[in-house]
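# Close look at the chain arrangement
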Amino acid sequence: MSLIDRYLLREWFAILGLVLGAALGLLLMQAMYDDLRDLLEFDAGVIDIAFYFTVKLPSYLSIVLPLAMLVSLLYTLGQLHRNNEIIALRAAGVGLLRITRVLWVSGALLCGLTWYLNASVIPWSVEESRSIWEHLQFQSEARTAAAPDRGVSQSVAFDNRQQNRMWYFNRYSRFTMRGYGVTVSEVDAERREKTRLLAREAQYDYERECWVFREGREIWLDPETGTVIRQVTFAEKVVPHFREDPALMLVFDLKPTDLSFFELRRIIDYYSLEAEDNPKVTRYAVRYFKVLADTLGPLIIVVIAVPFAIAGVRVNPAVGVAKSIGLFAVYYLLVVLGNNLGSREVLPPLWAALLPNLAMLGVGLGFFARVR
């Protein structure tokens, strides 16, 4: 790298580190405000609390990194502009692309880093912090509640359209790995009920890879009229072709934004979106492709910051900063609009995630070409 490259990187990374640390600290304080009281109610120790927040901290990187890059780039380039260093370099015959080439290369490398964070570090942080939270909650409930009441999710519903089955649990305990108040309906191609299985409790048998129901009855219905044809009670019933994974059922109890990249991928793999008309699954697909599209975030930040921060000599640096922040706000609104259009199936999930990023890249490169 040339002297210009090393100087620009040193100035930028110094500010980037400060902004990144400050932003992570603020988000950590917000997380402590939201979660600390509950953790204390779980009787978690100091070490448990510190470990929980340490594990949770990397999950904020996807939020903080683009914002920290924007602020640090605007500050660094603004300083160069105010000190007339950009003017001096251009007067010496150095072009804007040559001055900022290290920023473009760094933006591309940070795209790779974002991919790594989204594909491994952040999913681990999301799932591990949730696991720690549930473990502490189970320990607290073990001192006061009976086993079936520990780690309970209320009103768990799961629509398996591939096998034409609909599941419903009044409550599901992640501690006992059993569902209570279970109803499973099998329907035909027109979504008319054929059989209904009711049970006091059900449990997935991992050895036999199927569900076992206890204390219930099975009802056969006429799909045309809905009348009961016959019914049989049972003490225990093993249904070999019921193979739904309870972990997948519980995933739908969480918001798409609360799931890791791996969990979103699992939902996408389970459902064939081209063959299924399932709006609930589409929300998870939109979130999944958004995580992939966020990989372009660092390069988009460079595209947004550079053209305005180094705009001509007669332009006040504050004007360029204001334009960059305004363009970032437009980018955020486009992302929100893309998510809404994708969730409502106006756009395919992939394009709903990609179009805002591609549009902003095009706009930013156009502004940079004009500045040159």
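Worth saying up front: this structure is predicted, and the values here are computed from it rather than measured. (Residues numbered from 1 in each chain as written. Predicted model: local features only at pLDDT ≥ 70, side-chain atom pairs only at ≥ 80, totals over all residues. Heavy atoms only, no water.)

Another aspect to go through is the overall build of the protein chain. From N to C terminus, the protein chain includes 11 helices and six strands. Relative to a compact globule of 372 residues, whose C-alpha radius of gyration would be 21 Å, the protein chain shows 27 Å and is clearly more extended. Each principal axis of the C-alpha atoms in the protein chain carries an extent, and together these give about 90 × 50 × 30 Å. Of all intrachain contacts in the protein chain linking residues separated by at least 6 positions in sequence, the fraction that spans at least 24 positions is 62%. Accessible surface computed for the protein chain: about 19,200 Å², of which carbon and sulfur atoms make up 60%. Charge centroids of the protein chain, computed over 39 positive and 39 negative side chains, lie 9 Å from each other. (Helix = DSSP H or I, 4+ residues; strand = E, 2+ residues; numbered from the N terminus. Rg over C-alpha atoms; globule rule 2.2 N^0.38 Å. Contact = heavy atoms within 4.5 Å. Areas by Shrake-Rupley, 256 points an atom, 1.4 Å probe, with all protein chains shown as cover. Lys, Arg positive; Asp, Glu negative; His and termini not counted. Charge placed at Lys NZ, Arg CZ, Asp CG, Glu CD.)

Right, let's talk about the environment of Arg161 for a bit. Assignment of secondary structure puts Arg161 in the loop between strand S1 (152-160) and strand S2 (165-173). Along the primary structure Arg161 and Gln231 are separated by 70 residues, whereas in three dimensions their C-alpha atoms are 24 Å apart. Engagement of the side chain of Arg161 in a polar contact is seen with the side chain of Asp159, the distance being 3.1 Å. (Polar contact = N/O pair within 3.5 Å; in protein donor to acceptor, adjacent residues only side chain to side chain.)

On inspection of all chains with the given rule, the structure shows 17 aromatic pairs. Look at Phe169 and Trp211: their rings are 5.9 Å apart centre to centre, the planes differ by 35°, and that puts the pair in the tilted class. Taken together, the residues Phe169 in strand S2 and Trp211 in strand S5 (residues 210-221) connect sequence positions 42 residues apart. One exposure class covers both Phe169 and Trp211, and it is buried. With 6.3 Å between their ring centres and 55° between their planes, Phe328 and Tyr331 make a pair best called tilted. Taken as a pair, Phe328 and Tyr331 lie in helix H10 (residues 317-343) at a separation of three residues, close to a single helical turn. Each member of the aromatic cluster is reached from another via a ring pair, and the members are Trp167, Phe169, Tyr172, Tyr204, Tyr206, Trp211, Phe213 and Phe242. We note Arg171 situated over the ring of Tyr180; from NZ or CZ to the ring centre the distance is 4.8 Å. Cation over ring: Arg230 sits above Trp220, and NZ or CZ is 3.9 Å from the ring centre. (Phe/Tyr/Trp six-rings, centres within 6.5 Å; stacked < 30°, edge-to-face > 60°. Buried < 20%, exposed > 50% of the residue type's maximum accessible area, 1.4 Å probe, protein only. Lys NZ or Arg CZ within 6 Å of the ring centre and 35° of its normal.)

Running from amino to carboxyl end, helix H1 (residues 3-41) crosses helix H2 (residues 46-56) at an angle of 140°, the nearest separation of the two axes being 11 Å. Once H1 is placed against H2, the crossing between them reads as right-handed. Judged by residue contacts, Leu28, Ala31, Met32, Asp35, Leu36, Leu39 and Leu40 of H1 engage Ile49, Tyr52, Phe53 and Lys56 from H2. Grouping the constituent residues of the contact of H1 with H2 by class yields nine nonpolar, no polar and two charged. (Axes fitted to C-alpha atoms, helices over the stretch in contact; angles between N-to-C directions. Left-handed = near helix turned anticlockwise from the far one by under 90°. Nonpolar A, V, L, I, M, F, W, Y, C, P; charged D, E, K, R; others polar.)

Counted at 1.5 Å a residue, the expected span for helix H3 (residues 61-82) with its 22 residues is 32 Å, and the 31 Å between its end C-alpha atoms agrees. Trailing H3 by a residue or two, Asn84 shows a phi angle of about 60°, which is positive. (Expected span 1.5 Å × (residues − 1).)

Further remarks concern the sheet that holds S2. Overall, antiparallel pairing links the six strands, which are arranged S1-S2-S3-S4-S5-S6 in an open sheet. Each edge of the sheet is formed by a strand with only one pairing partner; in this case those strands are S1 and strand S6 (228-239). Neighbour-to-neighbour, the strand axes of the sheet open up by a mean angle of 15°, direction not taken into account. Of the pairings in the sheet, the one linking strand S4 (residues 193-205) to S5 comprises 10 bridges and is antiparallel in character. When the bridges of S5 are listed, Glu201 appears paired with Arg214. (Pairing = 2+ DSSP bridges.)

Moving on: the side chain of Ser125. Examined against the element boundaries, Ser125 turns out to sit in helix H5 (residues 96-142). For Ser125, a relative accessible area of 0% corresponds to the buried category. There is a polar contact of 3.4 Å between the side chain of Ser125 and the backbone oxygen of Lys56. Non-local contacts of Ser125, meaning those with residues more than four positions away in its chain, are made with Val55, Lys56, Leu57, Pro58 and Ser59.

The sheet contact formed by S5 and S6 spans 10 bridges and is antiparallel. Along S6, the bridge assignment pairs Arg214 with Glu236. Remark: six residues form the turn of the hairpin made by S5 and S6, two consecutive strands paired antiparallel; Gly226 in that turn has positive phi of roughly 80°.

Take the nonpolar core next. When a protein is soluble and globular, its nonpolar side chains tend to lie buried together. Judged by nonpolar contacts, the single largest core of 55 residues is most densely connected at Trp12, Leu39, Met69 and Leu103. Looking at this core, the elements with two or more residues in it are H1, H2, H3, H5, helix H9 (297-309), H10 and helix H11 (349-371). Looking at this core element by element, the count peaks at 12 residues for H5. Those residues in contact with Trp12 that sit more than four places away from it in its chain are Met69, Ser72, Leu73, Thr76, Leu103, Ser106 and Leu110. Grouped together as the second largest cluster of nonpolar side chains are 31 residues, Ala202, Phe234, Ala285 and Val291 included. (Core = buried A, V, L, I, M, F, W, Y, C linked by side-chain atoms within 4.5 Å.)

Positive phi is not limited to glycine here, since Asp43 has a value of about 60°. As for its placement among the helices and strands, Asp43 is situated in the loop between H1 and H2. For Met177, which is not glycine, the phi torsion reads 60° and is therefore positive. Mapped onto the elements of the fold, Met177 is located in the loop between S2 and strand S3 (178-187).

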